[in-house]
Amino acid sequence: MRKQGFFLLLLVVSALQGCGDKDLSPEQKAYVDKLNTELAATKLEIDSAQQSASAFSGGIINLLATTRLEILKTNQELLEQRILSVESGSPVKVETLISAPDDTMANALLAEIETSKSQVASARAEASQYSGGLMQVLKLSVVATNEQTLAMLKQRYLIAKYGLNPASLSVAPANLITVNAPATTDPLNSDRLPPADGPLGLAGGLSKNLIERMTGETLQLSNEAQSLYTMTRAPKANESFERYALVISPTVGLCQIRAIGKTISTNGYGHQLKSSFEEIENALTNIYGKPTKLDILMPGSIWKEPNDWMMGLRQNDRTFMVDWSGSKASPLKNDLESIVMEARALGSDKGYFMLQYSFSNEPQCVAEQKSKAEGSL
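Residues numbered from 1 in each chain as written. Predicted model: local features only at pLDDT ≥ 70, side-chain atom pairs only at ≥ 80, totals over all residues. Heavy atoms only, no water.

**Focus: the overall build of the protein chain**
Part 1: The helix and strand inventory of the protein chain stands at 10 helices and nine strands.
Part 2: Burial status across the protein chain gives 40% buried among its 377 residues.
Part 3: Restricting the contact set of the protein chain to residue pairs at least 6 apart, pairs at least 24 apart contribute 61%.
Part 4: Carbon and sulfur atoms form 54% of the exposed surface of the protein chain, whose accessible area is close to 20700 Å². (Helix = DSSP H or I, 4+ residues; strand = E, 2+ residues; numbered from the N terminus. Buried < 20%, exposed > 50% of the residue type's maximum accessible area, 1.4 Å probe, protein only. Contact = heavy atoms within 4.5 Å. Areas by Shrake-Rupley, 256 points an atom, 1.4 Å probe, with all protein chains shown as cover.)

**Regarding the pattern of salt bridges**
Part 1: Enumeration over the complete set of coordinates arrives at nine salt bridges.
Part 2: Put simply, arginine 124 and glutamate 147 hold a salt bridge, and the shortest N to O gap is 2.5 Å. Here the residue arginine 124 occupies a position in helix H5 (residues 103-127), and glutamate 147 occupies one in helix H6 (residues 133-162), the gap between them amounting to 23 residues.
Part 3: In this structure, arginine 344 and glutamate 342 form a salt bridge, with 3.8 Å as the shortest nitrogen-oxygen distance.
Part 4: Note on arginine 344: relative accessible area 31%, which makes it partly exposed.
Part 5: Judged by its relative accessible area of 26%, glutamate 342 is partly exposed.
Part 6: In this structure, a network of salt bridges that share partners links the residues Arg68, Arg124 and Glu147. (Salt bridge = Lys/Arg side-chain N within 4 Å of Asp/Glu carboxyl O.)

**Describing the nonpolar core**
Here is a general trend for soluble globular proteins: nonpolar side chains tend to be buried in one another's company.
Part 1: Among the nonpolar cores identified, the biggest contains 47 residues, and Leu206, Ile211, Leu246, Leu254 and Tyr357 are the most heavily contacted of them.
Part 2: Beyond its immediate chain neighbours, meaning those up to four positions away, leucine 254 contacts Leu202, Ala203, Gly204, Gly205, Leu206, Ile211, Leu246, Val247, Ile248, Phe359 and Asn361.
Part 3: Counting 20 residues, the second largest nonpolar core, distinct from the first, contains Leu24, Leu39, Ile113 and Ile159. (Core = buried A, V, L, I, M, F, W, Y, C linked by side-chain atoms within 4.5 Å.)

**Digging into helix H7 (residues 208-215)**
Part 1: Counting buried positions along H7 gives six out of eight residues, so the element sits mostly inside the fold.
Part 2: Glycine 216 sits one or two residues past H7 and shows a positive phi near 70 degrees.

**Overview of H5**
Part 1: The first and last C-alpha atoms of H5 sit 36 Å apart over 25 residues, in line with the 36 Å expected at 1.5 Å per residue.
Part 2: Buried residues of H5: Ala106, Leu109, Ile113, Ser116, Val120, Ala123 and Ala127, and no others. (Expected span 1.5 Å × (residues − 1).)

**A word on the pairing of strand S4 (residues 253-261)**
Part 1: Counting buried residues along S4, eight of its nine residues qualify, which places the element largely inside the surrounding structure.
Part 2: As judged from the eight bridges shared by strand S3 (residues 241-249) and S4, these two strands associate in the antiparallel manner. Paired with leucine 246 across the strands is isoleucine 257, a residue of S4.
Part 3: Between S3 and S4, which pair antiparallel one after the other, the connecting turn spans three residues. (Pairing = 2+ DSSP bridges.)

**Some thoughts on the confidence of the model for the protein chain**
Part 1: On average, residues of the protein chain score 81 in pLDDT, and 81% of them are at 70 or above.
Part 2: Within the model, the stretch residues 170-190 combines pLDDT values under 50 with 32 contacts to residues more than four positions away or in other chains. (pLDDT = per-residue confidence, 0-100.)

**Structural notes on the side chain of threonine 266**
Part 1: Tracing the sequence through the fold places threonine 266 in the loop between strand S5 (264-265) and helix H8 (271-288).
Part 2: When its relative accessible area of 10% is taken as the criterion, threonine 266 is described as buried.
Part 3: One polar contact links the side chain of threonine 266 to the main-chain amide nitrogen of histidine 271, over a distance of 3.4 Å.
Part 4: Not counting chain neighbours up to four residues away, the residues in contact with threonine 266 comprise His271, Gln272, Leu273, Met310, Ser348, Asp349 and Lys350. (Polar contact = N/O pair within 3.5 Å; in protein donor to acceptor, adjacent residues only side chain to side chain.)

**A short note on the pairing of strand S8 (residues 336-345)**
Part 1: In the sheet, strand S7 (residues 318-325) pairs with S8 via five bridges, with the strands oriented antiparallel. Paired with methionine 321 across the bridge in S8 is glutamate 342.
Part 2: With nine bridges joining them, S8 and strand S9 (residues 350-359) adopt antiparallel strand pairing. What sits directly across from arginine 344, in S9, is tyrosine 352.

**A word on the packing of aromatic side chains**
Each aromatic ring pair is described using two quantities: the centre-to-centre distance and the angle formed by the ring planes.
Part 1: Here the structure, examined in full by the defined rule, presents six aromatic pairs.
Part 2: Pairing phenylalanine 241 with tyrosine 244 gives two aromatic rings, centres 6.4 Å apart and planes at 50 degrees, and the pair type is tilted. Just as phenylalanine 241 is buried, tyrosine 244 falls in that class too.
Part 3: Ring geometry for phenylalanine 241 against phenylalanine 353: centres 5.9 Å apart, planes inclined by 85 degrees, an arrangement best described as edge-to-face. Remark: phenylalanine 353 occurs in strand S9 and phenylalanine 241 occurs in strand S3; sequence separation between them is 112 residues.
Part 4: Judged by its relative accessible area of 2%, phenylalanine 353 is buried. (Phe/Tyr/Trp six-rings, centres within 6.5 Å; stacked < 30°, edge-to-face > 60°.)

**Observations regarding unusual backbone geometry**
Peptide bonds are mostly trans, and most non-glycine residues show a negative phi.
Part 1: One non-glycine residue, serine 227, lies in the positive phi region at around 55 degrees.
Part 2: Within the secondary structure, serine 227 is located in the loop between strand S1 (220-223) and strand S2 (228-231).
Part 3: With relative accessibility at 10%, the residue serine 227 sits in the buried group.
Part 4: Although it is not a glycine, aspartate 335 adopts a positive phi angle of roughly 60 degrees.

**Things to note about the environment of aspartate 317**
Part 1: Structurally, aspartate 317 is set in the loop between helix H9 (309-314) and S7.
Part 2: According to the relative accessible area criterion, aspartate 317 is buried, its value standing at 19%.
Part 3: Distance from aspartate 317 to serine 301, taken between C-alpha atoms, is 6.5 Å for residues 16 residues apart in sequence.
Part 4: The residues contacting aspartate 317, other than those within four sequence positions of it, are Ile296, Leu297, Met298, Ser301, Trp303 and Gly312.
Part 5: One polar contact links aspartate 317 to serine 301, side chain to side chain, over a distance of 2.8 Å.

Put into structure tokens, the structure is as follows:
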């Protein structure tokens, strides 16, 4: 009985394995062959993306590679589901499992893909010229950005070419862009990058383009001589701040962040301002250790009474600040050179604080600014 059952099971399995191909028409077989070719290429790209993600334990390159990997895995799932639906011969609902192919859009996307491939090759060639250091990291981040864009274009191409539909997925990823979706009015939001590992979701060396893709906001040039840009939101939001100023060098990337706090109503003693200041200070202390504190009033100042604290601050007679400084023996986290937070007054009853992060590449930014200033004389 056991032998008979075993042979019967083999017959059933063999029948199931063979029924799919037997029932396919020549057109369906050709269609499945094309899908399998796309699937094989996608799996190779997934292997490459996994290697890129594992080569970097953190930072912007790891984030870009991980996002690319998620897009490619979505591509794989879309292709596998379409192949399964054709080979099984099971009826499918047009509105949920397939959509109308769009050859015009597919051909347009194919041209974009070829351009993107050239950009990836060019970026890799530039990165290969550096053996290490900040410049290599910057060049590799450009490679990872272009590779992610290429994966997204390929996803859109597959959807258009084969009529694949992301609605067939059990969970549609947030970064999936469908062909039939209406055009976004903000192109920066269509390809949003995840935050980096660093203060406010930023990291030293990031380019203007990468920061814009993280925030979905176009940076505004505030001071060309200083390469100073402004924005209203950071990749990682913090309700204590309302705007940000970034020093972004065209060669070494982001080197300084200035976070401007919200206006705080307070009394002449500065109680409310001090309380909000110390809340941020304590949070930073948990991350970067104990800071150096400075709370002094200039000798001879007329604003010496306790209830004159805010006016002393307003007249620049008083300094209230904390700072963290790194060294070779004890460097700060996130490749930071220093952190400074300073309280400022807008009057006797209103004030705010400014938090400044300076990365280790700040000396290069300062040298560029100096060279630019001297070159104009």
